[in-house]
Amino acid sequence: MMSRHAQAGRLDWIGLRAARRSAVIPVDRVAVAEDGLAGDHARPGKRAVTLIQAEHLPVIGALTGRAVAPADLRRNLLVSGINLAALRKGQVRIGDVVLTVEGPCPPCSRMEEVLGPGGYNAVRGHGGWYASVATGGMLRVGDAVMAR
């Protein structure tokens with residue numbers, strides 16, 4: 001039962017951050033290696049890639065009283081249609097890439113700057129997941145997201 005998912009998900013958005021605190025740049029495709037997404041400042045290991053579920057954006061928006069865009073939350077990948085929490089400690093295939101979902105991404109204090117007062121607490125429990133790269137390759141917006 002725990003390994004079944006109702007449907008495949010979809011990669012809806014890709015964002016890169018060239019350096020800490022730099023603007024998030026959306027792209028349509030990106031190469032992925034063991035140390036993360038090409039052009040992103042992430043570090044190799046358990047936190048090489050960050051993901052967030054599209055279904056959480058309206059929740060965060062409702063809790064902050066404002067529209068929330070994927071770049072606001074500073075994650076790399078926005079996926080929809082599959083429960084990322086159900087993939088924890090498992091692997092997910094997105095396009096050519098296989099990621100191991102390692103753990104939840106807690107919000108940072110920057111959420112207060114971006115989302116306003118209460119932004120940090122609005123993101124708690126909805127901040128996404130960090131992952132390591134098991135198999136590199138190419139990611140493209142529109143790729144299927146499937147448990148492996």
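Below is a summary of the structure that appears in this document. None of these values were measured; they are calculated from a predicted model.

## Points about the layout of surface pockets
And step 1. Approximately 650 Å³ is the volume found for the largest pocket.
And step 2. If you trace the largest pocket, you find 22 residues lining it, with Arg17, His41, Arg43, Arg75 and Cys108 closest to the centre.
And step 3. A total of three residues in the lining of the largest pocket trace back to one element, the largest contributor, which is helix H2 (residues 110-115).
And step 4. One number sums up the size of the second largest pocket: a volume of about 200 Å³.

## Re the pattern of salt bridges
And step 1. What the rule picks out here adds up to seven salt bridges.
And step 2. As a salt-bridge pair, aspartate 12 and arginine 10 come within 2.6 Å of each other at their nearest N and O atoms.
And step 3. Here arginine 10 falls in the partly exposed class, since its relative accessible area comes to 39%.
And step 4. One salt bridge connects aspartate 40 with arginine 17, and the closest N-O pair in it is separated by 3.0 Å. Remark: arginine 17 occurs in strand S1 (residues 9-17) and aspartate 40 occurs in the loop between strand S4 (36-37) and strand S5 (49-53); sequence separation between them is 23 residues.
And step 5. Among the residues examined, aspartate 40 registers a relative accessible area of 12% and is labelled buried.

## Overview of the packing of aromatic side chains
And step 1. Applying the stated criterion across every chain, the model contains zero aromatic pairs.
And step 2. Residue placement shows arginine 47 over the ring face of tyrosine 130; its charged tip is 4.0 Å from the ring centre.

## Considering the sheet that holds S4
Hydrogen bonds between backbone groups are what pair the strands of a sheet, and the pairing can be parallel or antiparallel.
And step 1. If you walk across this open sheet you meet the three strands as S4-S3-S10, and the pairing is antiparallel. If you trace the sheet from one side to the other, it starts and ends with S4 and strand S10 (137-140), each paired once.
And step 2. Direction of pairing for strand S3 (residues 29-33) relative to S4: antiparallel, over a ladder of two bridges. Opposite alanine 33, over in S4, you have glycine 36 as the bridge partner.

Quick notes on the rules
Residues numbered from 1 in each chain as written. Predicted model: local features only at pLDDT ≥ 70, side-chain atom pairs only at ≥ 80, totals over all residues. Heavy atoms only, no water. 1 Å grid on protein atoms, 1.4 Å probe; cavity = no way out; pocket = protein on both sides within 12 Å on 5 of 7 lines; lining within 4 Å. Points joined across faces, edges and corners; volume = space filled by probe spheres on them. Helix = DSSP H or I, 4+ residues; strand = E, 2+ residues; numbered from the N terminus. Salt bridge = Lys/Arg side-chain N within 4 Å of Asp/Glu carboxyl O. Buried < 20%, exposed > 50% of the residue type's maximum accessible area, 1.4 Å probe, protein only. Phe/Tyr/Trp six-rings, centres within 6.5 Å; stacked < 30°, edge-to-face > 60°. Lys NZ or Arg CZ within 6 Å of the ring centre and 35° of its normal. Pairing = 2+ DSSP bridges.

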